[in-house]
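Summary of the model geometry
Take a look at the letters that make up each chain.
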Amino acid sequence: MTRRCLLVNPWIHDFAAYDYWLKPLGLLQLGGILRALGVEVTLVDCLNPRPQAGLKDPFVKVPPRRWGGHGKFPRTPVAAPSPLRGLGRPYARYGISPLFFRELLRRVPRPDAVFVTSSMTYWYPGVREAISEIRAHFGGVPVVLGGVYATLCPVHARTCGADLVLPGPVEDHLDLLLGEVLDLQVCLPFDPADLDALPYPAWDLLGYPDQLPLLTSRGCPYGCTYCASRHLYPFFRRRNPAGVLKEIRHWAERLKVRHFSVYDDAFLVAPETTALPLLEEIKNLPDGLFFHCPNGLHLREITPQIARALREANFATLRLGFETADRRRQRDTGGKASSEDLARAVAYLREAGYDGNEIGVYCLCGLPGQSAAEVRETIDLVRSLGARPIVAEYSPIPGTTLWEEALAASPYPLAEEPLFQNNTLLPCRGPDLTDETYAELKRRARQSRHPVGA
Ligand code: B12
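Residues numbered from 1 in each chain as written. Predicted model: local features only at pLDDT ≥ 70, side-chain atom pairs only at ≥ 80, totals over all residues. Heavy atoms only, no water.

1. Remarks on the sheet that holds strand E10 (residues 143-145)
One open sheet holds the 5 strands; their spatial order is E4-E1-E9-E10-E11, and the pairing between them is parallel. Edge positions in the sheet fall to strand E4 (40-45) and strand E11 (164-165), since each has one partner strand and no second. Seen against the sheet, helix H4 (residues 124-137) touches strand E1 (4-9), strand E9 (113-116) and E10 and runs at an angle of roughly 165 degrees to E10. (Pairing = 2+ DSSP bridges. Helix = DSSP H or I, 4+ residues; strand = E, 2+ residues; numbered from the N terminus. Contact = heavy atoms within 4.5 Å. Axes fitted to C-alpha atoms, helices over the stretch in contact; angles between N-to-C directions.)

2. Description of the site of the ligand
The immediate surroundings of the ligand are formed by 39 residues, with Thr 117, Tyr 122, Ala 228, Asp 265 and Glu 393 found nearest. Between the ligand and Thr 121 there is a distance of 2.8 Å, counted from an oxygen atom to a backbone nitrogen or oxygen. Interatomic distance of 3.0 Å between a side-chain N/O atom of Ser 395 and a nitrogen atom of the ligand. Mapped onto the shell around the ligand, the elements with two or more residues apiece are helix H1 (25-36), E9 and strand E19 (388-393). Take the shell around the ligand: its biggest share by element is 4 residues, from H1. Taken together, the residues of the shell around the ligand break down into 23 nonpolar, 11 polar and 5 charged. Three or more residues apiece are contributed to the shell around the ligand by two domains, here domain 1 (4-181) and domain 2 (211-446). (Near = heavy atom within 4 Å. Polar contact = N/O pair within 3.5 Å; in protein donor to acceptor, adjacent residues only side chain to side chain. Nonpolar A, V, L, I, M, F, W, Y, C, P; charged D, E, K, R; others polar. Domains from an automatic or database assignment.)

3. A short note on the sheet that holds strand E8 (residues 92-94)
Ordered in space as E2-E8-E7, the 3 strands form an open sheet in which the pairing is antiparallel. Looking at which strands have only one partner, the edges of the open sheet turn out to be strand E2 (12-14) and strand E7 (75-77). Pairs of neighbouring strands in the sheet enclose a mean axial angle of 25 degrees, with direction left out of account. In this sheet, E8 lies alongside E7 in antiparallel orientation, the contact comprising 3 bridges. In the strand pairing of E8, Arg 75 is matched with Tyr 94.

Rendered as structure tokens:
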């Protein structure tokens, strides 16, 4: 008997949210795997305000999309959850209306299981709301929760109403999902440990492939103290460049995708293995494909050859992971990059033809023990090198090396309440990083835009 599964990408509840190349990659990877096994798969995407199942959401306006495949989400003010109420900041649900969600659920044939994904830990209220709606509609159908939040906060995630919380990569749970949840006795036609053998994500279910994410590797060989990559993926594994290229061609032809976002944590690390051969081949693809790197690139790997290859392969959005100009903190957080590495990388990228505004450099702000002066110095250094500083507020993440320090530095109960892990709260800031100083730093970074061509 054919099994049916429903995939749900839940809402975001936050003070602010913007769709920066955000797509539910893990959930649709699961969809691709299930389909390859003959399971019927449907998607309900709370973050997609465009028509779904041929229906329009009459309660929200569809915001325009920007070149490259990003844009605003529909925003509906909602009451902040009680732990955040005292802050007096407006809070909202981003995505479709709950009434439309219910209507979409009504259209879905009763599934054998519902799979819900999760992203930022502090977005769990959207997960909880989605699961409660699913339960009300499909009482008795098992609901399984996975994703980043489920992996980083598995105990807390059990309070969201799912029958099963499965932390970690979905491939680790296939025996359980197929055998126990779906009662399906199948032999996997691929090796789940081989990234090149996994079926493609079921992107055709998405309905608006204005850009699609690519993952050429999992994990990162660096162990930066603020980052959860090691915890999410303990081993650094890469795909074969030929396989990635084939996937790019597939989506460009099948879904007419023109923009791809690279989600890797370490795309450029050891570039001769994947990135360089891939970039060389991308150059030979038909014109009009663009690539975006919203996740910080390792700047030590940027050589003149890599810089030219990125440019020639139409890598239009670059974000470099610099984080701080403070030498001691550079070393103490993992030694990923020095100020000299930044200077070299920016110079090579400029030589390769990138405009200063196209080279976005992440500057972490609000790390435990970090002064406002350090952030200012970092912004100024980036600016002086001819690149664009981007302030990235620190989000304390369970399981990271910096977690204990974060707990000690924060006035909030970060461990008990993931809502306080929200980067926009600057939950670990020191006393000198007042709201006014933070606003001044943001202005300073914004004003750092260079005249075009400079
Ligand atoms: C791409 C990315 C972004 C993109 C897009 C966001 C997105 N798609 O969610 C951008 C650049 C916008 C972004 C922004 C930020 N990000 Co980010 N991002 C990532 C990144 C690199 C990849 C996420 C991803 O899609 N991975 C690929 C897919 C395949 O993985 P996945 O969805 O997790 O799915 C796997 C499993 O979870 C599981 N799974 C998934 N769904 C399901 C469902 C079921 C049922 C099951 C069983 C399993 C399962 O199987 C999949 C295969 O293994 C992660 C790091 C990482 N390695 O995961 C950080 C990460 C999620 N981001 C993080 C942070 C800190 C941020 C920022 C706060 C950074 C900043 N200071 O500005 C901002 C916040 C944005 C906001 N508005 O709040 C943190 C998490 C913070 C937190 N508290 O939760 C992470 C973990 C990185 C880190 N530094 O440690 N991010």
